[in-house]
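# Tertiary structure, described
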Amino acid sequence: MRDGSALLLSEFGQRIVTVGDVVVLNANVLCVSEPEGHITTTTIYLDTDYAIDQVFWQHAWLLHDRLDAQRFTEAIYSDPAQVLRLGEDRTGILMPWLDELVARSIDGGFGAHFHRMQALWFSIADVVTPFVSVSPMRQSRTQRAHSRPTLPRYRRFAPARNEARQTLATLASDISVNWTLDVLAARVHLSAKQLSRVFTDTYGKTPLAYLTMLRVEEMAHLLRETGLTIDAAARKVGWASRSRANDAFQECVGMTPSDYRRMHLARGSGTTVPG
């Protein structure tokens, strides 16, 4: 809010906002305003995926992958609407940055001004985000290692242990095999508990969660590039049950195999492929 005042009605109830206030709304949250005379505002629309990416890198020490970051973001930013009382002094600092950001946004030169616009946004966020309410999130890395079977991030600047590399090679050699932790551990002469720890330290996921990730990636490839039915693609990567394949695929990709195939067909020629 740059000038004037207004009565807002949203998830937080009714609030009077005036100069020095910032209103933060989650995606798809309605907000009705009744201006008290003339008001001037500047609105920034922040893409949800972009925001999640920022949370991912901000909490890289805790999060293993981007889909993990999505769940984390939803948990810590649980309030759908907030009014932040920054005060006129702080919002005064923002004004030239906001003006420049608006000017560079409306001339269509996003590509040419990309880095400058990022710098402006980060300067604004640095002032605003300390005032945003967050919910506590208490989940350890060990708990997260057993969660979403998605592509891990490699952040440990240390040599990977041979046992972890050998186990990865074993999984990748035939993802259709119903590998068990005991069988994998016996191949590298470790206990199942030791292998789970060593593999998680190296790749950010347990061996079986990593196997699920490999299966989902291959199944997605088959759905994109072949005419196999979904049942056949699921069996080819190692799932006898279409229900299990659907659950794993949706957890990892964010949509069902059927929706995934339809999306890629819509981008291509539009040829009908059996489901």
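Everything numeric in this text was worked out from a predicted model, so none of it was measured. (Residues numbered from 1 in each chain as written. Predicted model: local features only at pLDDT ≥ 70, side-chain atom pairs only at ≥ 80, totals over all residues. Heavy atoms only, no water.)

## Description of the overall build of the protein chain
From N to C terminus, the protein chain includes twelve helices and five strands. Excluding contacts between residues fewer than 6 apart, the proportion of contacts in the protein chain whose partners are at least 24 apart in sequence is 65%. When the accessible surface of the protein chain is totalled, it reaches about 15,700 Å², and 53% of it is carbon and sulfur. (Helix = DSSP H or I, 4+ residues; strand = E, 2+ residues; numbered from the N terminus. Contact = heavy atoms within 4.5 Å. Areas by Shrake-Rupley, 256 points an atom, 1.4 Å probe, with all protein chains shown as cover.)

## Notes on the pattern of salt bridges
In this structure the tally under the stated criterion is eight salt bridges. Across the salt bridge formed by Glu225 and Arg224, the nearest N and O atoms sit 4.0 Å from each other. Put simply, Glu100, Arg104 and Arg116 are held in one network by salt bridges that share partners. (Salt bridge = Lys/Arg side-chain N within 4 Å of Asp/Glu carboxyl O.)

## Some points on the environment of Asp89
Locating Asp89 in the fold gives a position in helix α3 (residues 88-106). Taking C-alpha positions, Asp89 is 7.5 Å from Gly20, a pair spaced 69 residues apart along the chain.

## Regarding the nonpolar core
Among the nonpolar cores identified, the biggest contains 32 residues, and Leu171, Phe199, Tyr210, Met219, Leu223, Trp239 and Phe249 are the most heavily contacted of them. Breaking this core down by element, the ones donating at least two residues are α6 (162-173), α7 (181-187), α8 (192-203), α9 (207-225), α10 (230-237) and α11 (242-253). With nine residues, α9 is the single largest residue contributor to this core. Excluding residues that lie within four positions of it along the chain, Trp239 makes contacts with Thr212, Arg215, Val216, Met219, Ala234, Arg244, Ala245 and Ala248. Counting residues in each nonpolar core, the second largest holds 15 residues, with Leu86, Trp121, Val127 and Val132 among its members. (Core = buried A, V, L, I, M, F, W, Y, C linked by side-chain atoms within 4.5 Å. Buried < 20%, exposed > 50% of the residue type's maximum accessible area, 1.4 Å probe, protein only.)

## Observations concerning the layout of surface pockets
Each pocket or cavity is described by its volume, and for the largest pocket that value is around 1,900 Å³. If you go around the largest pocket, you meet 48 residues; those closest to its centre are Val23, Val24, Leu25, Ile44 and Leu46. Among the elements of the structure, β1 (5-10), β3 (21-25), α1 (48-58), α2 (66-76), α3 and α4 (114-128) are those that each provide at least two residues to the lining of the largest pocket. (1 Å grid on protein atoms, 1.4 Å probe; cavity = no way out; pocket = protein on both sides within 12 Å on 5 of 7 lines; lining within 4 Å. Points joined across faces, edges and corners; volume = space filled by probe spheres on them.)

## Some thoughts on the packing of α9 against α11
Between two packed helices, what matters for the description is the angle formed by their axes and the separation of those axes. Put simply, α9 and α11 touch, their axes get as near as 10 Å, and they point 95° apart. In terms of their interaxial angle, α9 and α11 are classed as roughly perpendicular. Taking contact as the criterion, the partners of Thr212, Val216, Met219, Ala220 and Leu223 in α9 are, on α11, Arg244, Ala245, Ala248, Phe249, Cys252 and Val253. For the contact of α9 with α11, a count of residues per class yields nine nonpolar, one polar and one charged. (Axes fitted to C-alpha atoms, helices over the stretch in contact; angles between N-to-C directions. Parallel < 35°, antiparallel > 145°, perpendicular 65-115°, else oblique. Nonpolar A, V, L, I, M, F, W, Y, C, P; charged D, E, K, R; others polar.)

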